[in-house]
Amino acid sequence: MCHRAEVTDRDSLHALLTHHAIEQLHTTYADIVNRRAWDELGPLFTEDAVVHVDTVSADPVEAAGAEQLAGFLDRSVERFAFLEFMVLTLRIEP
């Protein structure tokens, strides 16, 4: 019985640390977008990452890798003198 409790505690700690890491990833991304520091996007994405963006008013955009995503983001926000991007909600399911 004690062994089962140890596993549960380890699993809970792992879930908490994973949740925190994902939250940190989101806040780091938001900070990069707010500062328009596109050269800092690279470490947040794997080389084979593909990001799909539903622009609502135009065809969806597909960016392969951080460099293409940075280009899309830069073109999208260049017209704004001020931009504040924030993560409003975050839902993580195991």
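K.L.:
Can you lay out the overall build of the protein chain for me, pointing to particular residues and giving the numbers?
P.N.:
For the protein chain, the helix and strand inventory stands at 2 helices and 2 strands. In the protein chain, the order of α-helices and β-strands from amino to carboxyl end is α-β-β-α. A compact globule built from 94 residues would reach a C-alpha radius of gyration of about 12 Å, whereas the protein chain, at 18 Å, exceeds it by more than 25%. C-alpha atoms of the protein chain, sized along the principal axes, occupy 60 × 25 × 25 Å. Within the protein chain, the proportion of its 94 residues that are buried is 17%. The long-range share in the protein chain, meaning contacts at least 24 apart out of those at least 6 apart in sequence, stands at 50%. Accessible surface, the protein chain as shown: approximately 7,600 Å² in total, 57% of it carbon and sulfur.

K.L.:
Summarise the nonpolar core; cite the residues concerned and give the values.
P.N.:
In a soluble, globular protein the nonpolar side chains are often hidden away together inside. In this structure, Tyr29, Val33, Trp38, Leu41, Leu69 and Leu73 are the most contacted members of the largest nonpolar core, which totals 13 residues. Every element with two or more residues in this core is listed here: helix H1 (2-35) and helix H2 (65-77). Among the elements that line this core, the one with the most residues is H2, at 6 residues.

K.L.:
Which residues make up the packing of aromatic side chains, and what values do they have?
P.N.:
Throughout the structure, instances matching the rule amount to 2 aromatic pairs. Here the aromatic rings of tyrosine 29 and phenylalanine 45 are separated by 6.5 Å at their centres, their planes lie at 75 degrees, and the arrangement is edge-to-face. You can see tyrosine 29 sitting in helix H1 and its partner phenylalanine 45 sitting in the loop between H1 and strand E1 (50-53), a full 16 residues away along the chain. Taking 5.6 Å as the distance between ring centres and 85 degrees as the angle between the ring planes, the aromatic pair formed by tyrosine 29 and phenylalanine 85 counts as edge-to-face. Here tyrosine 29, found in helix H1, pairs with phenylalanine 85, found in the segment after H2; they are 56 residues apart in sequence, far enough to count as distant. An aromatic cluster is defined as three or more aromatic residues linked by ring pairs; in this entry it consists of Tyr29, Phe45 and Phe85.

K.L.:
Account for unusual backbone geometry, naming residues and giving values.
P.N.:
The phi dihedral of arginine 36 is positive, around 55 degrees, even though this residue is not glycine. With respect to the helices, strands and loops of the structure, arginine 36 is situated in the loop between H1 and E1.

Basis of the calculations
- Residues numbered from 1 in each chain as written.
- Predicted model: local features only at pLDDT ≥ 70, side-chain atom pairs only at ≥ 80, totals over all residues.
- Heavy atoms only, no water.
- Helix = DSSP H or I, 4+ residues; strand = E, 2+ residues; numbered from the N terminus.
- Rg over C-alpha atoms; globule rule 2.2 N^0.38 Å.
- Buried < 20%, exposed > 50% of the residue type's maximum accessible area, 1.4 Å probe, protein only.
- Contact = heavy atoms within 4.5 Å.
- Areas by Shrake-Rupley, 256 points an atom, 1.4 Å probe, with all protein chains shown as cover.
- Core = buried A, V, L, I, M, F, W, Y, C linked by side-chain atoms within 4.5 Å.
- Phe/Tyr/Trp six-rings, centres within 6.5 Å; stacked < 30°, edge-to-face > 60°.

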